[in-house]
Protein chains: 2
Amino acid sequence: MPADPRTAVATVCLSGALEDKLAAAATAGFGGVEIFEPDLVASPMSPGEIRLRCADLGLSIDLYQPFRDFDSTDDDRLAASYRRAEHKFGVMRALGTDTVLVCSSVAPDAVADPDRLAGQLHGLAERAADHGLRLAYEALAWGRHVDTWEASWDVVRRADHPALGLCLDSFHVLSRTPSHTTEVDGIADVPGDKIFFLQLADAPVLAMDVLQWSRHHRLFPGQGGFDLPRFLAAVLRAGYGGPLSLEVFNDVFRQADPVRTAADGHRSLLALAEATAAGGPGRGVGVDPVGGPAPDVAGTAFVEIATSGDEPALDDTLTALGFARTGRHLTKPVDRWEQGRARILVNRSGEHATGIGALAVESADPPAAARRAARLGAPALSRSRGPAEADLPAVAAPDGTALFFCRPGTDAEWTGDFRATGETAEGIGVSAVDHVGLAQPFDHFDEATLFYRAVLGLQPGGVGEFAAPFGLVRSRALADPARRVRLALTVSLLRRGEWAPGVPEPQYVALAVDDVVVAARAARDAGAPLLAVPDNYYDDLAARVDLPPDRLAAYRELGVLHEQGPDGAYRQVCTEVLAGRLFLALVERVGGEDGYGWADTPVRMAAHRRRRLARRRLAPA
Amino acid sequence: MPADPRTAVATVCLSGALEDKLAAAATAGFGGVEIFEPDLVASPMSPGEIRLRCADLGLSIDLYQPFRDFDSTDDDRLAASYRRAEHKFGVMRALGTDTVLVCSSVAPDAVADPDRLAGQLHGLAERAADHGLRLAYEALAWGRHVDTWEASWDVVRRADHPALGLCLDSFHVLSRTPSHTTEVDGIADVPGDKIFFLQLADAPVLAMDVLQWSRHHRLFPGQGGFDLPRFLAAVLRAGYGGPLSLEVFNDVFRQADPVRTAADGHRSLLALAEATAAGGPGRGVGVDPVGGPAPDVAGTAFVEIATSGDEPALDDTLTALGFARTGRHLTKPVDRWEQGRARILVNRSGEHATGIGALAVESADPPAAARRAARLGAPALSRSRGPAEADLPAVAAPDGTALFFCRPGTDAEWTGDFRATGETAEGIGVSAVDHVGLAQPFDHFDEATLFYRAVLGLQPGGVGEFAAPFGLVRSRALADPARRVRLALTVSLLRRGEWAPGVPEPQYVALAVDDVVVAARAARDAGAPLLAVPDNYYDDLAARVDLPPDRLAAYRELGVLHEQGPDGAYRQVCTEVLAGRLFLALVERVGGEDGYGWADTPVRMAAHRRRRLARRRLAPA
């Protein structure tokens with residue numbers, strides 16, 4: 001069993017009172033915490049009690065933070081800073097921690113002259129050393145004079161005191177140098193014993209004030225756009241031997257269940273350590289934290305639709321879409337439907353509203369994939385959750401969907417659980433599952449990105465946004481490099497309220513077809529409940545895209561949504577929402593189009609919402 | 001009765017399907033709408049049906065928008081633009097609208113040469129004129145070549161076609177020139193008949209990418225930081241005679257009840273017209289839309305606490321805080337409590353959880369203030385909602401709090417409804433109501449700012465943010481210039497979820513005292529349930545602020561929160577949350593301190609939350 005790297009998390013990453021945060025950090029498997037001062041100040045536990053609580057939980061206190069605006073050109077203010085520091089040194093001794101984060105000053109009286117600044121920090125380090133403590137000096141990206149890691153290192157070198165070293169924070173470094181990686185690589189030349197602490201955070205690449213970006217939009221490693229493996233590799237090459245610690249200010253994490261957030265954060269560090277190790281020799285953290293490479297996913301083995309006992313519309317729709325019921329489970333109320341390589345299980349054993357219950361991916365070594373998922377903190381699911389008797393390993397994705405691993409091909413372990421019906425169907429041209437669309441719970445969108453990235457090795461695309469009728473929706477697709485497994489995740493940009501209910505936003509299964517018009521016509525003729533698309537859409541489409549009249553007429557007749565890309569097109573037909581929260585789609589990709597038809601999603605959503613809205617209007621006020 | 005200016009609203013401002021938006025606009029009193037193309041595209045109503053629907057609702061269709069990326073250096077793309085335009089001209093004729101918004105292009109093939117661009121727009125104007133239509137050309141702040149109103153006017157002048165004029169959008173103008181008002185004043189020199197359309201939006205002053213700023217954070221006039229009266233005055237001086245139309249992209253409004261949002265928007269236009277008229281002669285819109293100046297508020301007449309039948313803690317707490325029950329209502333279960341100029345009514349006639357039911361402000365002419373509020377669309381409340389028999393005019397604030405107007409002084413109309421008890425109390429030094437703290441519903445924070453600004457003439461302060469234990473909280477205070485009436489509004493930065501429940505966030509009444517230590521000690525000795533503040537807070541306070549030891553000891557003993565300002569201090573003591581959602585606070589302002597103690601709010605919230613959290617932990621999972 002590989003060992004974990006030493007990990008820590010700043011209490012500011014997590015929601016709740018200090019006791020909630022500490023408990024969540026321990027549950028997630030962190031070895032230590034950074035105590036964020038406002039969390040301590042608001043706590044009724046004394047520093048000594050916090051020390052004991054952490055010890056009980058098996059947590060070290062790796063850092064006390066932050067100490068702000070220390071240096072000053074004003075002697076009175078400097079004296080006040082020293083006085084303030086003495087108070088904090090007392091708190092640290094009671095906490096039993098030896099390192100305090102000192103941020104570069106943002107105050108008008110901050111010292112500009114590096115030698116004078118170094119002198120003041122030397123004085124503070126001297127006092128810290130008297131208490132057996134040390135200072136980790138950090139350049140805030142918006143510091144008044146010291147705003148790069150190079151500037152902070154220059155000051156630390158000048159001060160030349162054994163109790164003064166650097167704190168490196170990936171956000172402050174990478175937000176200033178997103179495209180200048182040489183400066184990041186230069187960290188490797190800093191003596192490792194002068195890097196006292198390392199804070200890790202990712203972030204989406206945004207064009208905004210860096211202070212606001214930092215305070216609201218940080219993410220855990222692997223959830224954003226920063227090259228953290230390169231950053232971490234440079235820090236490790238320098239010889240840093242301390243913990244990998246998360247410091248993430250995120251508006252959503254501040255409100256979400258801290259146990260979930262902590263698990264997400266811990267997973268992010270393991271995945272980062274793995275990605276860093278994968279970057280080349282000498283880049284690892286000395287251990288293999290995840291226990292093997294991401295599975296080479298070969299395709300979607302099946303999608304399981306969970307539904308309640310009797311829902312004839314679903315069977316009728318599958319039939320109309322050309323699927324044949326090829327198998328019945330030997331012991332459970334589960335049917336297997338097939339067309340081409342697309343396999344859908346309909347599981348009637350639950351009491352659920354109709355929705356996607358499970359997703360099975362094919363990989364050559366399912367047990368290894370499952371072990372890896374477990375190492376990444378994915379909750380294992382017991383076999384009884386499974387659709388089949390075969391011992392398919394399964395874990396729970398952040399939205400509760402079960403994720404199964406199984407061998408590729410028709411002889412996979414799960415197929416023997418079904419008795420063949422002998423039923424066949426001509427089909428309408430469905431060749432495979434193109435992708436699965438999963439509307440995510442508000443608190444877990446970024447967690448889901450990291451989960452599928454780390455557990456399945458899928459690569460996330462960029463984050464998109466579109467204006468749905470009841471509010472903005474954020475979207476992100478993930479796929480393996482060969483595009484054999486695709487997922488499309490969506491979430492409301494803001495948690496919905498009473499006017500714009502967001503739950504349950506429908507999920508969907510997109511089925512690949514070669515010709516959407518042919519397939520949709522066959523489905524329609526067989527009675528599939530295709531979604532009606534407004535005429536206005538086709539008038540607008542005709543204005544935007546030069547389509548042959550007969551093609552446009554077919555689109556209009558069948559409700560085809562056509563998104564034109566630069567080199568190809570994404571064409572889809574959707575069914576109405578079936579009972580519950582599910583619809584099915586037929587998807588044709590023209591010219592290698594790699595998108596998901598998101599530009600048309602507002603039209604699709606409006607059409608799907610129309611019935612709900614009509615119901616609301618009829619309801620008594 | 002003064003007439004309203006002509007008003008319109010873009011459908012993109014409002015949530016829902018197109019039919020919801022049109023109904024909401026009509027209900028709010030708008031005269032017209034801009035049809036935002038994606039709303040039409042997603043609608044099952046044909047353009048002709050939309051025309052009829054609008055006519056039924058009494059709405060004119062003042063604009064069709066937007067037509068994007070028209071001009072091109074590529075002849076094929078230009079030809080496609082012309083083809084696209086012909087389609088849209090057909091839609092406009094079916095809609096029965098004569099003006100289309102043409103945005104400056106953001107495309108790589110946008111035309112840079114102003115004469116060539118003018119030539120292409122002249123060509124488009126010629127075709128529009130053939131259909132009896134006209135083009136309103138707008139400079140997007142992020143346009144590729146045309147990104148200021150001056151550049152758009154230069155092109156329109158060069159094109160010199162009667163069917164081509166300007167669309168001026170306050171966001172695009174003021175986001176580029178927040179501090180360069182000369183350029184705004186220059187709009188007055190544009191011939192009025194060349195300004196075809198006017199779009200109005202406010203915004204908070206933010207340092208971020210202008211495109212993101214525009215698409216997510218626009219606000220209705222009076223809710224943000226732009227000088228819209230000056231902008232509108234310049235447009236009116238130019239001779240513009242069309243409607244005042246709102247175009248606001250706002251993440252919250254996109255999800256909120258469109259009827260509420262539309263009412264808020266309509267109010268914003270009336271208040272803007274009034275503020276513009278108040279700016280000086282020649283600046284008005286030719287009418288007085290609001291019917292009189294904002295009331296000169298003289299103080300808080302009373303705060304009414306609504307509570308259920310029997311809540312002894314409230315009476316006991318008022319008594320311990322030095323209040324005397326000076327009156328009992330003649331016919332209703334309402335008591336009057338007094339101390340100094342602070343008056344609190346306790347109304348036990350409802351079934352409510354304890355909270356602030358009403359706020360009464362003193363003004364010299366209550367009926368005039370109420371008429372003004374009604375003109376601003378504030379929902380009038382019937383007399384039966386009132387605490388008293390006297391005919392106090394009242395309206396509902398956005399969070400449902402009743403807002404009463406009454407004459408100043410002890411002989412005010414409402415005081416006669418109470419039978420004097422003869423009870424008196426020495427008091428603990430409370431002189432008046434300092435302010436009322438109202439936690440706002442998520443969807444209505446900006447609406448509340450505008451409401452109190454427009455209806456009471458209060459001036460909003462800046463927006464602040466603080467990190468509470470369960471998420472970020474946004475805050476905004478409003479006060480009259482003489483600081484006789486103050487309100488402190490707060491809201492969660494994100495709508496809360498299950499982990500961090502946001503409702504009911506407590507409300508509070510802050511009572512002014514001369515010496516918070518003296519008052520708090522008296523209250524504590526009389527049994528008031530003062531909120532315990534952690535020792536850690538005082539250790540941190542001692543580190544930050546140089547306080548005499550005996551003062552610090554008194555703070556610690558009594559739970560005083562002390563926020564040091566540059567010139568003074570804000571000192572407060574809070575009670576525990578009384579049954580329901582209310583606490584009381586004693587507030588001392590030192591040195592004219594104008595703040596609200598927000599830096600200490602996370603500590604206060606953590607202390608108030610502790611009991612709730614303890615309850616949750618004890619509850620079965």
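These numbers come from a predicted model, not from an experiment.

Caption draft 1: Main features of the sheet that holds strand E4 (residues 99-103) of chain B. Residue and element names in this part refer to chain B. On the basis of which strands lie adjacent, the closed barrel formed by eight strands has the order E1-E2-E3-E4-E5-E6-E7-E8 and parallel pairing. Going from strand to strand, the sheet's axes swing by 30° on average, the running direction of each strand aside. Note that strand E6 (residues 164-169) and strand E7 (residues 195-200) share four bridges and pair parallel. Residue pairing across strands places Asp169 opposite Gln199, the latter belonging to E7.

Caption draft 2: Molecular detail of the side chain of B:Ser175. Residue placement: B:Ser175 occurs in helix H7 (residues 170-176). At 2.7 Å, the side chain of B:Ser175 forms a polar contact with the backbone oxygen of B:Phe171.

Caption draft 3: Here's a closer look at the UniProt feature "binding site: a divalent metal cation" (unreviewed entry) in chain A. All names here are of chain A. Listed under "binding site: a divalent metal cation" (unreviewed entry) in the UniProt record, and renumbered for this structure, are Glu138, Asp169, Gln199 and Glu247. Separation in sequence by 110 residues is not matched in space for these annotated residues, since their most distant C-alpha atoms are only 13.0 Å apart. Summarising the element assignment, Asp169 is placed in strand E6 (residues 164-169). Relative accessible area serves as the criterion here: at 1%, Asp169 is assigned to the buried category. Discounting chain neighbours no more than four positions away, the residues touching Asp169 are Glu138, Gln199, Arg218, Phe231 and Glu247.

Caption draft 4: Structural context of the pairing of strand E24 (residues 582-590) of chain A. Residue and element names in this part refer to chain A. By the criterion of burial, E24 is predominantly enclosed, with seven of the nine residues buried. As judged from the six bridges shared by strand E21 (residues 507-513) and E24, these two strands associate in the parallel manner. By the bridge assignment for E24, Tyr508 is matched with Phe583. Of the pairings in the sheet, the one linking strand E23 (residues 569-574) to E24 comprises six bridges and is antiparallel in character. Within E24, the residue paired with Ala569 across the bridge is Val590.

Caption draft 5: Structural context of the interface of chain B and chain A. In this complex, chain B contributes 58 residues to the contact, which on the side of chain A involves 58 residues. Connecting chain B to chain A are two salt bridges. Between B:Asp540 and A:Lys88 there is a salt bridge, and its shortest N-O distance comes to 2.6 Å. Applying the counting criterion to the chain B and chain A interface returns 30 residue pairs in polar contact (both at pLDDT 80 or more). Among the elements of the structure, helix H1 (18-28), helix H2 (37-41), helix H4 (75-95), strand E18 (459-468), strand E19 (471-479), helix H16 (535-544) and helix H18 (601-618) of chain B are those that each provide at least two residues to the side of chain B that touches chain A. Among the elements that line the side of chain B that touches chain A, the one with the most residues is H16(B), at seven residues. Looking at the side of chain B that touches chain A residue by residue, the classes come out as 29 nonpolar, 10 polar and 19 charged.

Caption draft 6: Summary view of the domain arrangement of chain A. All names here are of chain A. Split into domains, chain A comes out as domain 1 (7-278) and domain 2 (299-613). Just the C-alpha atoms count here: the centres of domain 1 and domain 2 sit 42 Å apart. Between domain 1 and domain 2, the residue contacts involve 15 residues of the former and 17 residues of the latter. Together, the buried faces of domain 1 and domain 2 total about 1500 Å²; carbon and sulfur atoms form 50% of this surface. Counting the surface domain 1 buries against domain 2, the share from its top three residues, Gln223, Arg260 and Arg267, is 43%. Linking domain 1 with domain 2 are two salt bridges. The partner of Glu447 in a salt bridge is Arg260, and the shortest N-O contact between them spans 3.4 Å. At the junction of domain 1 with domain 2, the criterion picks out nine residue pairs in polar contact (both at pLDDT 80 or more). Of the residues in the side of domain 1 that touches domain 2, the class split is six nonpolar, five polar and four charged.

Caption draft 7: Inspection of the relation of the copies chain B and chain A at higher detail. Laying chain B over chain A is done by rotating through 180° and shifting 0.0 Å along the axis; what remains is an RMSD of 0.0 Å. These values place the two chain copies in the arrangement generated by a two-fold rotation axis. Among all C-alpha atoms of chain B, that of B:Met208 lies closest to the rotation axis, at 2.0 Å.

How each quantity is defined
- Residues numbered from 1 in each chain as written.
- Chains lettered and ligands numbered in written order.
- Predicted model: local features only at pLDDT ≥ 70, side-chain atom pairs only at ≥ 80, totals over all residues.
- Heavy atoms only, no water.
- Pairing = 2+ DSSP bridges.
- Helix = DSSP H or I, 4+ residues; strand = E, 2+ residues; numbered from the N terminus.
- Axes fitted to C-alpha atoms, helices over the stretch in contact; angles between N-to-C directions.
- Polar contact = N/O pair within 3.5 Å; in protein donor to acceptor, adjacent residues only side chain to side chain.
- UniProt positions renumbered as here; feature names shortened; annotations may be inferred.
- Buried < 20%, exposed > 50% of the residue type's maximum accessible area, 1.4 Å probe, protein only.
- Contact = heavy atoms within 4.5 Å.
- Salt bridge = Lys/Arg side-chain N within 4 Å of Asp/Glu carboxyl O.
- Nonpolar A, V, L, I, M, F, W, Y, C, P; charged D, E, K, R; others polar.
- Domains from an automatic or database assignment.
- Buried area = accessible area lost by both parts, 1.4 Å probe.
- Least-squares fit on C-alpha atoms with pLDDT ≥ 70 in both.

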